[in-house]
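Below are the chains, spelled out letter by letter.
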Amino acid sequence: MSSIEPLLPHGTGRLLLRRLRASDLADFQAYRQDPQVGLYQGWQTQSDTEALAFLQQMAEAPLLQPGVWCQLGMADAASDQLIGDIGICLAADSAAAEIGFSLRASRQGQGLAAEGVGALIALLWAHTPAGEVLAITDARNRGSIHLLERLGFARVDSQEAVFRGEACVEHHYRVAKPAQLAR
């Protein structure tokens, strides 16, 4: 059990960060099969059977095992309806974490992803030894760039890459744990 497990679900005001579960299938598929949401994502759409297996795996997977990706759900606090998810991978040495996020298109532009990602980062600072959080985004993904910069991430690198067979540029972002929180 990770040190954040007992803190879930974690309310942020408008959102709940919580475990994904099998009952999220319809909502999960609604945004994960939306071409607009998946445009710059590393994941591929899945059949209902594959998505259900993934949700069941994430519902039971240990959180924050070094070197292993896990996903948390972002749910509407009032209805508990899943509206997005955040992937987290704590580095093998636990010194850093990498994140990625997806949010239902109809809920974008309302500050919800920033609220969820910001809350997750605060939990990481408080309950893991991670001293920095990293994120990688396609240079064309203006929404993710804006969100990361709004949360204090700085672009530390840009690299040419190939994504789904197409040349692109990926921006690498980093935010360090504030000095007052460093252990």
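Above this text is the structure in question.
Below is a short write-up of the structure.

About the cut-offs
Residues numbered from 1 in each chain as written. Predicted model: local features only at pLDDT ≥ 70, side-chain atom pairs only at ≥ 80, totals over all residues. Heavy atoms only, no water. Helix = DSSP H or I, 4+ residues; strand = E, 2+ residues; numbered from the N terminus. Rg over C-alpha atoms; globule rule 2.2 N^0.38 Å. Buried < 20%, exposed > 50% of the residue type's maximum accessible area, 1.4 Å probe, protein only. Contact = heavy atoms within 4.5 Å. Lys, Arg positive; Asp, Glu negative; His and termini not counted. Charge placed at Lys NZ, Arg CZ, Asp CG, Glu CD. Phe/Tyr/Trp six-rings, centres within 6.5 Å; stacked < 30°, edge-to-face > 60°. 1 Å grid on protein atoms, 1.4 Å probe; cavity = no way out; pocket = protein on both sides within 12 Å on 5 of 7 lines; lining within 4 Å. Points joined across faces, edges and corners; volume = space filled by probe spheres on them. Nonpolar A, V, L, I, M, F, W, Y, C, P; charged D, E, K, R; others polar.

### With respect to the overall build of the protein chain
When helices and strands are tallied, the protein chain shows five helices and eight strands. Scanning the protein chain from its N terminus toward the C terminus, one meets helices and strands in the order β-β-α-α-α-β-β-β-α-β-α-β-β. At 16 Å, the protein chain has a C-alpha radius of gyration in line with the 16 Å of a compact globule built from 183 residues. When the 183 residues of the protein chain are sorted by exposure, 46% land in the buried category. Long-range contacts, defined as pairs at least 24 residues apart, comprise 63% of the intrachain contacts of the protein chain with a sequence gap of at least 6. Charge separation in the protein chain, taken as the distance between the mean sites of 15 positive and 20 negative side-chain charges, equals 6 Å.

### Some remarks on the packing of aromatic side chains
All told, the structure shown has two aromatic pairs when counted by the stated rule. Each ring, one from Phe28 and one from Phe54, has its centre 5.8 Å from the other, and the planes form 25°; the classification is stacked. Here Phe28 is found in helix 1 (residues 25–32), whereas its partner Phe54 is found in helix 3 (residues 48–60), with 26 residues between them in sequence. The pair formed by Phe28 and Phe54 is uniform in burial state, with each residue classed as buried. Linked through ring pairs, Phe28, Tyr31 and Phe54 together constitute an aromatic cluster.

### Observations concerning the layout of surface pockets
The computed volume of the largest pocket comes to approximately 690 Å³. For the lining of the largest pocket, the secondary structure elements donating two or more residues are helix 3, strand 3 (69–76), strand 4 (82–90), strand 5 (96–103), strand 6 (132–138) and helix 5 (142–150). Broken down by element, the residue count for the lining of the largest pocket peaks at five residues, all from strand 5. Tallied by class, residues from the lining of the largest pocket come to 15 nonpolar, twelve polar and five charged. Taken as a whole, the second largest pocket encloses approximately 480 Å³ of empty space. Around the second largest pocket, the lining comprises 23 residues; the ones closest to its centre are Phe101, Gln108, Asn141, Gly143 and Ser144. Taken together, the elements giving at least two residues each to the lining of the second largest pocket come down to helix 2 (35–38), strand 5, helix 4 (112–127) and helix 5. The element contributing the most residues to the lining of the second largest pocket is helix 5, with six residues. When grouped by side-chain class, the residues that make up the lining of the second largest pocket number nine nonpolar, eleven polar and three charged.

Fair warning: the whole summary comes from geometry, so function is off the table for now.
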